[in-house]
Amino acid sequence: MSDLKIKDIVIVGGGTAGWMVAAGLSRLVNDKDINIRLIESEAIGTVGVGEATIPHINYYNRLLGLDENDFVKKTNATFKLGIEFVNWGKLGESYIHPFGDYGIPMEGLRFHHFWHRFKQTDPQSSVDDYCLQVLAAKEGKFQRPDMSYKNSPLKSITYAFQFDASLYAKFMREFSEARGVTRTEGKITDVQQDPETGHVKSVTLENGDIYAGDLFIDCSGFRGLLIEQTLKTGYEDWSAMLPCDRAVARASQSTGAPSPYTRATAKSAGWQWRIPLQSRVGNGHVYCSEYMSDDEALESLNADIDGPPISDPNFLRFKTGIRKKPWNKNVISLGLAAGFLEPLESTSIHLIQTAVARLMASFPDKNFAQSNIDYYNERTLLEYEQVRDFLILHYYATEREDTPFWQYCKNMEIPDTLKARIALYKDNARLYRHDNEIFGETSWFAVMHGQGILPKTYHPLANSLPENELKARMAQLKQVTEACLDQMPTHQSFIDEFCKANLQN
Ligand SMILES: Cc1cc2nc3c(=O)[nH]c(=O)nc-3n(C[C@H](O)[C@H](O)[C@H](O)COP(=O)(O)OP(=O)(O)OC[C@H]3O[C@@H](n4cnc5c(N)ncnc54)[C@H](O)[C@@H]3O)c2cc1C
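An unreviewed UniProt entry lists the protein under the name Tryptophan halogenase, with Litorimonas cladophorae as the source organism.

The structure is reproduced here in C-alpha cells:
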C-alpha cells in the first residue's frame, strides 16, 4: 500500500488558484511524508484580477483558521453584501442581488410567494424592504451577524469580501509557506510524460532544474500548461451563450467611502464592474469583441470610472467554457486552467475553493482509479453548468434591444435546464435549489424579479393566510427590518473600528 501513496504534489502556478490550493492542502493534508511544491514564474506573472467574492469564502477562511480582521487588513479588503445590477433588465433600472434572504419562510413556503400575493393589494410594495442586506447596501452600512439575537435579521447577515487580488495571493502564500509548502521560482519550459501511461512525470525549468511529482495540480492560468498544452484535454466552448470574450481592467482612486457591494453595469456590448477596496477601486469592462473593439472598450471604461485612474489598462482575452476533463490522468486543473466563467457573479474564486474540497474528497493514490477521476469530473462539470445557467439568465432575461449585442442575447438559444427554471417561475413562482448548487432560491428570485420576469401566479397555499394576518405580518417584517437597519454602523466606521488596512505599505 505504501508504494501507492502520493508523496510529491507539484502545483504549477502561483496565482490565486495556486496559492489557494497550496494553503488548503497544507492545512488539510496532515502527513509529513507528503511534500507540496509550488512553481511559479514572476516573469510570466498572474492574471491580476479577481477581487470580488461570494459568502462561501467564509467557509474556506474558517477551514484555514484565519483571523478575519487580520485577513481584511492585509488584503485591503472591504465587505460585500451583494451585487448591484444596473441597466440589465431595462436601461435606467437597477436591483441588488443580496447575499441574504428576503423576509422569512411562512407556513412552510418561501417568502416571495406571500409577497407576490401581498403586492396585488399593495402595488407600491417593494420586496427590497424585506431584505436587510439590500437596505444596508443602499445605505452603505455593514456589521457582522449578531448572534445575541434570537429571531432577527441581524443574526443572519451573510457577507463576502472585495479584496486586492495580489495581496490575497501573497496572504495565501505566507500561510502556505508557514505550513511547509516549498516555493520554487522559475519558468517551466518542458514537461516530461511517462511513455506508457502519458502521466506527467516531471517539469523542467528554464535553468535546467527538474521537478518530479506523483500528482500535478495545474494552476497555470488560461494557458493550461499541463492540462491542455501537454495532455491536449480539449475544451467545451460555451461562448455562444455567454458571448463576452474580452475584458479591460483598470484601478482608480477612491472618491468616497467604499460601498459594501460590487456594481455590475450593463453597457452596449457587455458590462462594467466596480469593486471598492480600502485602498482603491477596481474597475473593468467585460465585452464581446464581435460587437466592440478594444479601443472602444477602453474609452467606454474610462468614461465611466468615477475617480482618476491609477493603473495602466490591463487587456485580457478569454473563452467561456470548461476543460472536457478538469482532471486528466495525474493532472488536476484548477482556476483559469480548468475553465472560465465570467466574473458577473464573482464565482471563480469560489470554484477554486470547491475544487480543493472535491480534490480532498477524491484524493487519489498512485493507481489513479478512473472511477474517482470520473466522479470528480462529473461533479465539477455539473457545478460549472449550474453557474453558467445563472450567468446566462442575466443576459437572456432582458427587455433591452437597443444594440445588436442585446438583440443577440435576448434571442439566443439557452440550455434546456435554464428554460425549465424560467418556465417554472413564470408559471407559478416556483424556484428550487438543485444538487446543493451555489445559488439558492433567493439568488434566482433576485435576478428573475430584478430583471422583470413576472410569474402568472404564486404558490396556491400562500392563499391560506387570512388577508388581515398577511397584512399584519408584512407590516411587522418591514418594521423589524427597518429597525435593524437603524442599528447598523456605516461600512466605513465598521472597518475603521475593526479592520482598517495600513495603507502606508
Ligand atoms: C476579467 C476577469 C475578472 C475576474 N474577476 C473575478 C472576480 O471578481 N471574482 C472572482 O472570483 N474571480 C474573478 N476572476 C477570475 C480570477 O481572476 C481567477 O479565477 C483567479 O485569479 C485565479 O487565476 P489563476 O491562479 O488560475 O491564474 P493566474 O493568475 O493567471 O496564475 C497563473 C500562474 O501560473 C504561472 N505560470 C504560467 N505558466 C508558467 C510556466 N511556464 N512556468 C511557471 N509558472 C507558470 C504564472 O506565473 C502564475 O503564477 C476574473 C477573471 C477575469 C479574467
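Now, onward.
Participant: It is not clear to me how the UniProt feature "active site" (unreviewed entry) in the protein should be interpreted in this structure. Could you clarify?
Facilitator: Mapped onto this structure's residue numbering, the UniProt feature "active site" (unreviewed entry) falls at Lys80. Given the relative accessible area of 0%, Lys80 is considered buried.

Participant: I would appreciate a short explanation of the packing of aromatic side chains in the present structure.
Facilitator: For any pair of aromatic rings, the description rests on two quantities: the centre-to-centre distance and the angle between the ring planes. Evaluated as defined, the whole model comprises 30 aromatic pairs. With a centroid separation of 5.8 Å and an interplanar angle of 50°, the aromatic rings of Phe79 and Phe161 are classed as tilted. Residue Phe79 is found in strand β3 (residues 78-80), and its partner Phe161 is found in strand β6 (residues 160-162); the two are separated by 82 residues along the sequence. The exposure class of Phe161 is buried, given its relative accessible area of 0%. Here Tyr291 and Phe405 contribute two aromatic rings whose centre-to-centre distance is 5.9 Å and whose plane-to-plane angle is 80°, an arrangement assigned as edge-to-face. Here Phe405 lies in helix α10 (residues 404-411) and Tyr291 lies in the loop between β16 (281-287) and α7 (294-303), a separation of 114 residues in the sequence.

Participant: I keep staring at the UniProt feature "binding site: FAD" (unreviewed entry) in the protein and nothing clicks. Help me out?
Facilitator: Per the UniProt record, "binding site: FAD" (unreviewed entry) is found at Gly14, Gly15, Thr16, Ala17, Leu336 and Ile349. A stretch of 336 residues holds the annotated residues, and the largest C-alpha distance among them is 14.0 Å, short enough that they meet in one place. With respect to the helices and strands, the residue Thr16 is situated in helix α1 (residues 16-28). Overall, the relative accessible area of 17% leaves Thr16 in the buried class. Along the chain, Ala17 turns up in helix α1. For Ala17, a relative accessible area of 9% translates into the label buried. Aside from chain neighbours lying at most four places away, what touches Ala17 is Cys219, Leu334, Gly335 and Ile352.

Participant: Explain the sheet that holds strand β15 (residues 270-276) to me, please; I cannot follow it from the model alone.
Facilitator: Hydrogen bonds between backbone atoms are what pair the strands of a sheet, whose relative direction is either parallel or antiparallel. Strand order in the open sheet formed by seven strands is β5-β4-β14-β15-β16-β13-β17, and the pairing between neighbours is mixed. The sheet terminates laterally at β5 (94-98) and β17 (314-317), the two strands that pair on one side only. In this sheet, adjacent strand axes meet at a mean angle of 20° when their direction is disregarded. Pairing of strand β4 (residues 82-86) with strand β14 (residues 262-267) involves four bridges; the strand directions are parallel. The partner of Val86 across the bridge, within β14, is Thr265.

Participant: I'm lost on the site of the ligand in this one. Help?
Facilitator: Surveying the vicinity of the ligand reveals 35 residues, the closest of which are Gly14, Ala52, Ile188, Leu336 and Ile349. Ile349 has a polar backbone atom sitting 2.8 Å from an oxygen atom of the ligand. Coverage of the ligand by the protein chains reaches 98% of its 1,000 Å² of free accessible surface. When contributions to the shell around the ligand are tallied by element, the ones reaching two or more residues are α1 and α8 (348-361). Per-element tally for the shell around the ligand: the top contributor is α8, with three residues. Tallied by class, residues from the shell around the ligand come to 17 nonpolar, 14 polar and four charged.

Participant: Explain helix α4 (residues 111-121) here, please?
Facilitator: An α-helical segment advances 3.6 residues per turn. Residues three or four places apart therefore align on the same side. Counted residue by residue, α4 has eight buried out of 11 residues, so it is predominantly covered. Buried residues of α4: Phe111, His112, His113, Phe114, Trp115, His116, Arg117 and Phe118, and no others. Residues of α4 that are buried sit in contact with α11 (416-428), α12 (441-450) and α13 (467-487).

Participant: Even after reading the chapter, I still don't get the sheet that holds strand β2 (residues 35-40), so can you show me in this structure?
Facilitator: Taken together, six strands build an open sheet; the order of strands is β7-β2-β1-β11-β20-β19 and the sheet is mixed. Only two strands of the sheet have a single partner each, and these edge strands are β7 (182-185) and β19 (327-328). Looking at chain direction, β19 and strand β20 (residues 331-333) are connected through two bridges and run antiparallel. In the strand pairing of β20, Asn328 is matched with Val331.

Participant: Would you mind going over unusual backbone geometry with me for this structure?
Facilitator: Note: most peptide bonds trans; most residues except glycine with negative phi. A positive phi angle, close to 65°, is found at Ala429, a residue other than glycine. Secondary-structure assignment places Ala429 in the loop between α11 and α12. According to the relative accessible area criterion, Ala429 is buried, its value standing at 0%.

Participant: Before we go on, may I ask you to explain the environment of Thr457 in this structure?
Facilitator: Within the secondary structure, Thr457 is located in the loop between α12 and α13. Taking the relative accessible area as the measure of exposure, Thr457 reaches 36% and is therefore partly exposed. Other than its neighbours up to four places away in sequence, Thr457 contacts Lys426, Asp427, Asn428 and Ala429.

Participant: Explanation requested: the pattern of salt bridges in the structure shown.
Facilitator: Pairs may arise between side chains of opposite charge once their charged atoms sit close together. By the definition in use, this model includes 33 salt bridges. With a shortest N-O distance of 2.6 Å, Arg183 and Glu40 are connected by a salt bridge. Highlighted residues: Arg183 in strand β7 and Glu40 in strand β2, separated in sequence by 143 residues. Taking relative accessible area as the criterion, Glu40 reaches 12% and is therefore assigned buried. Among the ionic pairs, Glu469 bridges to Arg473, the shortest N-O distance being 2.8 Å. Of this pair, Glu469 and Arg473 both sit in helix α13, four residues apart, roughly one helical turn. Accessibility expressed as a relative area gives 34% for Glu469, which makes it partly exposed. For Arg473, a relative accessible area of 25% corresponds to the partly exposed category.

Participant: I keep staring at α7 and nothing clicks. Help me out?
Facilitator: Turning to α7, its buried residues are Ala297, Leu298, Ser300 and Leu301. When α7 is viewed along its axis, its buried side chains cluster within an angular range of 165° and face the same direction. Facing away from the buried side of α7 by over 90 degrees, the exposed positions are Asp295, Glu299 and Ala303. As for α7, its buried residues are in contact with β13 (246-252), β14, β15, β16 and β17.

Analysis parameters
Residues numbered from 1 in each chain as written. Predicted model: local features only at pLDDT ≥ 70, side-chain atom pairs only at ≥ 80, totals over all residues. Heavy atoms only, no water. UniProt positions renumbered as here; feature names shortened; annotations may be inferred. Buried < 20%, exposed > 50% of the residue type's maximum accessible area, 1.4 Å probe, protein only. Phe/Tyr/Trp six-rings, centres within 6.5 Å; stacked < 30°, edge-to-face > 60°. Helix = DSSP H or I, 4+ residues; strand = E, 2+ residues; numbered from the N terminus. Contact = heavy atoms within 4.5 Å. Pairing = 2+ DSSP bridges. Axes fitted to C-alpha atoms, helices over the stretch in contact; angles between N-to-C directions. Near = heavy atom within 4 Å. Polar contact = N/O pair within 3.5 Å; in protein donor to acceptor, adjacent residues only side chain to side chain. Areas by Shrake-Rupley, 256 points an atom, 1.4 Å probe, with all protein chains shown as cover. Nonpolar A, V, L, I, M, F, W, Y, C, P; charged D, E, K, R; others polar. Salt bridge = Lys/Arg side-chain N within 4 Å of Asp/Glu carboxyl O. Arc of directions from axis to C-beta.

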